[in-house]
Amino acid sequence: MSNQETVLTLPSGFTFDYTNLYGEGRVAQADVTAITDRLQSAHKAIEHMRATGEVRGHLSKDGVPEKVLFSQLPYVQDGNLNSPESISRLKEFGESLRNKVDAVITFGIGGSYLGNKVLFDVHCGEFWNSKGSEARQGYPKLFFSGNNIDPRRTVELIEQIKYEASSKLNGNSTRPYQVMLVVISKSGSTLDTMSTFMVAYDTLKQAAPTIEVQVVAVTDPIEGAQETLLHKLAAEESWPIFSVPDGVGGRFSVFSEVGLVTAACIGFDIDAFLAGARSMDEACKTEDIWHNPALLNAALKYLAAENYGRDIEVFMPYADYLKSVAEWYIQLLAESLGKRNDRTGREVYYGRTPIVAVGTTDMHAQTQQHQDGKHDKVVQFVQIASWYTDPVIPDAFPTAPKLSEIAALQLSQALNAAYEANAAALISDNRFNATFILPILGAFHLGELLYLLALSVAYEGELANVDAFDQPGVEAYKRLLGPKLKTLKSNN
Ligand SMILES: O=P(O)(O)OC[C@H]1O[C@H](O)[C@H](O)[C@@H](O)[C@@H]1O
């Protein structure tokens, strides 16, 4: 098989290069041919999911049939979860913060955090909060909390906000420092999120009049007997509410108001992001596996695990600001596919253990294991084809020949050479790897990438016959944790 046939490039330029995953000694043509019928059934099942929201065998936490609606999110239409009206409301919300709100703290964990962090990293980078308001185009600083119950960081974040509110950093402003707490929880009562939120809310409220606190809630909008605690609280306190819609699990919610609220707070291009997701969804409507990136990715990873024992997936972008995509993917892969039972109830212990890595960073840390450890991994690279800024390495020390050797190269050339060398070294010992290539690092291609991965696990759930949309395993510790907290409180 020639190289050309193992690279799938979409009209947008988004590319899936699976040269080092498919062919002689790798996942073979015969492996794919052997599951032709199952690929077709998987495709039909996903078409059915798109059209109706129904996924065979999927039950909610309460054991009742539940729709799966994430594939509707890229389509902004009246009557859809994302409608022209809801998107306008988000944009107006974002605009209303400009030059008015100094800092936003979003509280959330799992699906209520990971996607938001991706949008923040890609749009804002590392230094957003150190920039002046003008460089942020009037959008607020943005901090994350609730992603752990860490006492030290929680206190340090609050101290930082108080420090920022001091007149020195507040541009000697006479008005109070405006802080917006965005509390995100689908279930509305997650310990990590709510405990840190309550600490911050209470402490920052006490800093009045130097600090003024507003709260926005993002939660399941359902009312009545099943209303979430956060929804009830928001209604009582008159906090604005955005929705984590029914049928959209946390790990798929970056395309819903969960991710889009954060996007609005920082001026991230919501339209381009959803357009990218939409464009990927369109590309994945063909049943021809060789032209459908999500089906192809799912099939190759499934076969690599089942037929070749490659049941660890190292997700390794060559870009600092995509590390959070790897972290987001951890939850997506682990909660969707890590299943004890298949849909018939048979014990299968399915799934691939996800690992976060970053190139080139982890070439100096993990690569030893990838190259010489067990043959049990697929390394999934992500590469950026073209960078907005790309300095040339200067010949700063001409008397040092070793350094002069790399002078005149652009940083991206050095980065790409390192990636290519890593991929080639791995495959030279039959260590499976594949690469997603984004033409540039921006909202559209990010939407393509995240949506591809989300749809891919939906396909793989079908191939492995597991429910990709539940997470019963996380209930085990929760059943122990609740009583533990009660005992602690009664002993205090
Ligand atoms: O959004 P929340 O209801 O607060 O849930 C946050 C997270 O909680 C649990 O850990 C679930 O396993 C995750 O799927 C979820 O994303």
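None of these values were measured; they are calculated from a predicted model. (Residues numbered from 1 in each chain as written. Predicted model: local features only at pLDDT ≥ 70, side-chain atom pairs only at ≥ 80, totals over all residues.)

Asks: Describe the site of the ligand, naming the residues involved and giving the relevant values.
Replies: Neighbouring residues of the ligand: 14 residues in total, closest Gly110, Gly111, Ser187, Thr190 and Gly250. Split into classes, the residues belonging to the shell around the ligand amount to 2 nonpolar, 9 polar and 3 charged. Mapping the shell around the ligand onto the domain boundaries places at least three of its residues in each of domain 1 (7-61 + 273-474) and domain 2 (70-268). (Near = placed C-beta within 6 Å. Nonpolar A, V, L, I, M, F, W, Y, C, P; charged D, E, K, R; others polar. Domains from an automatic or database assignment.)

Asks: Run through the UniProt feature "active site" (unreviewed entry) in the protein, naming residues and quoting values.
Replies: UniProt tags Glu335, His364 and Lys478 as "active site" (unreviewed entry). A maximum C-alpha distance of 37.1 Å shows the annotated residues, which cover 144 residues in sequence, to be distributed over more than one spot. Within the fold, His364 resides in the loop between β11 (353-356) and α12 (367-372). Accessibility expressed as a C-beta count within 10 Å gives 8 for His364, which makes it exposed. Relative to the elements of secondary structure, Lys478 occurs in helix α16 (residues 475-491). (UniProt positions renumbered as here; feature names shortened; annotations may be inferred. Helix = DSSP H or I, 4+ residues; strand = E, 2+ residues; numbered from the N terminus. Buried ≥ 20, exposed ≤ 12 C-beta atoms within 10 Å, placed from the backbone.)

Asks: Quick one: what's the story with the environment of Gly259, residue by residue and with numbers?
Replies: Structurally, Gly259 is set in helix α8 (residues 257-266). On a C-alpha basis, the gap between Gly259 and Asp467 in space is 24 Å, while along the polypeptide they are 208 residues apart. Apart from residues no more than four positions distant in its own chain, Gly259 is found in contact with Gly115, Asn116, Leu119, Ser253 and Val254. (Contact = placed C-beta atoms within 7 Å.)

Asks: Any chance you could break down the domain arrangement of the protein for me, citing the residues and the numbers?
Replies: Taken domain by domain, the protein consists of domain 1 (7-61 + 273-474) and domain 2 (70-268). Taken over C-alpha atoms, the centre of domain 1 sits 29 Å from the centre of domain 2. If you look at the interface, domain 1 gives 24 residues, while domain 2 gives 23 residues. Residue assignment for the side of domain 1 that touches domain 2 shows that the elements contributing at least two residues are α2 (36-52), α9 (270-283), α11 (323-337) and α15 (443-464). With 8 residues, α11 is the single largest residue contributor to the side of domain 1 that touches domain 2. Each residue belonging to the side of domain 1 that touches domain 2 can be placed in one class, and the counts come to 15 nonpolar, 4 polar and 5 charged.

Asks: Give me the lowdown on the sheet that holds strand β13 (residues 433-438), citing residues and values where you can.
Replies: The strand order across the open sheet built from 6 strands is β1-β2-β13-β12-β8-β11, with neighbouring strands paired in mixed fashion. With partners counted over all chains shown, the strands left at the sheet margins are β1 (7-9) and β11, one partner each. Taken over all neighbouring pairs, the strand axes of this sheet differ in orientation by 15° on average, direction set aside. (Pairing = 2+ DSSP bridges. Axes fitted to C-alpha atoms, helices over the stretch in contact; angles between N-to-C directions.)

Asks: I'd like a description of the nonpolar core, backed by residues and values.
Replies: Val179, Leu181, Val182, Val218, Ala299 and Ala454 are the most contacted members of the largest nonpolar core, which totals 131 residues. The dominant element in this core, judged by the number of residues it contributes, is α15, at 15 residues. Residue-level mapping places this core at the junction of two domains, with at least three residues from each of domain 1 (7-61 + 273-474) and domain 2 (70-268). (Core = buried A, V, L, I, M, F, W, Y, C linked by C-beta atoms within 7 Å.)

Asks: For the pairing of strand β8 (residues 312-317), give the residues involved together with the corresponding values.
Replies: In terms of residue burial, β8 counts as a mostly covered element, since 5 of its 6 residues are buried. Relative to β11, β8 is paired through 4 bridges, and the arrangement is parallel. Bridge pairing in β11 links Phe315 to Val356. In this sheet, strand β12 (residues 377-384) lies alongside β8 in parallel orientation, the contact comprising 6 bridges. Within the sheet, the bridge partner assigned to Glu313 lies in β12 and is Val378.

Asks: So, the confidence of the model for the protein: which residues are in play, and what are the values?
Replies: On average, residues of the protein score 95 in pLDDT, and 98% of them are at 70 or above. Confidence estimates for the predicted assembly give a pTM of 0.97 and an ipTM of 0.98. (pLDDT = per-residue confidence, 0-100.)

Asks: Can you tell me about the packing of α9 against α15, naming the residues and giving the values?
Replies: A pair of packed helices is captured by two measures, namely the crossing angle of their axes and the spacing between those axes. With their axes 6 Å apart at the nearest point, α9 and α15 run at an angle of 45° to one another. By the angle between their axes, α9 is oblique relative to α15. Seen along the crossing, α9 lies across α15 with a hand that is right-handed. Of α15, the residues touching α9 (which contributes Ala272, Phe273, Leu274, Ala275, Gly276, Ala277, Ser279, Met280 and Asp281) are Ala443, Phe444, His445, Leu446, Gly447, Glu448, Leu450, Tyr451 and Leu452. Residues of the contact of α9 with α15, tallied by class, amount to 12 nonpolar, 4 polar and 2 charged. (Parallel < 35°, antiparallel > 145°, perpendicular 65-115°, else oblique. Left-handed = near helix turned anticlockwise from the far one by under 90°.)

Asks: Kindly report on the sheet that holds strand β7 (residues 241-243), identifying the contributing residues and their values.
Replies: Picture the strands of a sheet paired through backbone hydrogen bonds; they go either parallel or antiparallel. Read from one edge of the open sheet, 5 strands run β4-β3-β5-β6-β7, paired in parallel fashion. Only two strands of the sheet have a single partner each, and these edge strands are β4 (141-145) and β7. Sheet twist, expressed as the mean angle between neighbouring strand axes with direction ignored, is 20°. Pairing of strand β3 (residues 103-107) with β4, which is carried by 5 bridges, proceeds in the parallel orientation. Looking across to β4, one finds that Phe107 is bridged to Ser145.

Asks: Would you mind going over the pairing of β13 in detail, with residue names and values included?
Replies: If a strand is regular, its side chains alternate between the two faces of the sheet. A large share of β13 lies buried, amounting to 5 of its 6 residues. By the bridge criterion, 3 bridges tie strand β2 (residues 15-17) to β13 in an arrangement that is antiparallel. From the neighbouring strand, Thr15 faces β13, where its bridge partner is Ile437. As judged from the 6 bridges shared by β12 and β13, these two strands associate in the parallel manner.

Asks: How would you explain unusual backbone geometry if you had to name every residue and give the values?
Replies: With the exception of glycine, the majority of residues adopt a negative phi angle, and the majority of peptide bonds are in the trans configuration. A cis geometry characterises the amide bond from Ala208 onward to Pro209, with omega recorded as 5°. The backbone of Ser238 sits at a positive phi, close to 60°, despite the residue not being glycine. With respect to the secondary-structure elements, Ser238 resides in the loop between α7 (229-237) and β7. With a phi close to 50°, Tyr349 is a non-glycine residue in the positive phi region.

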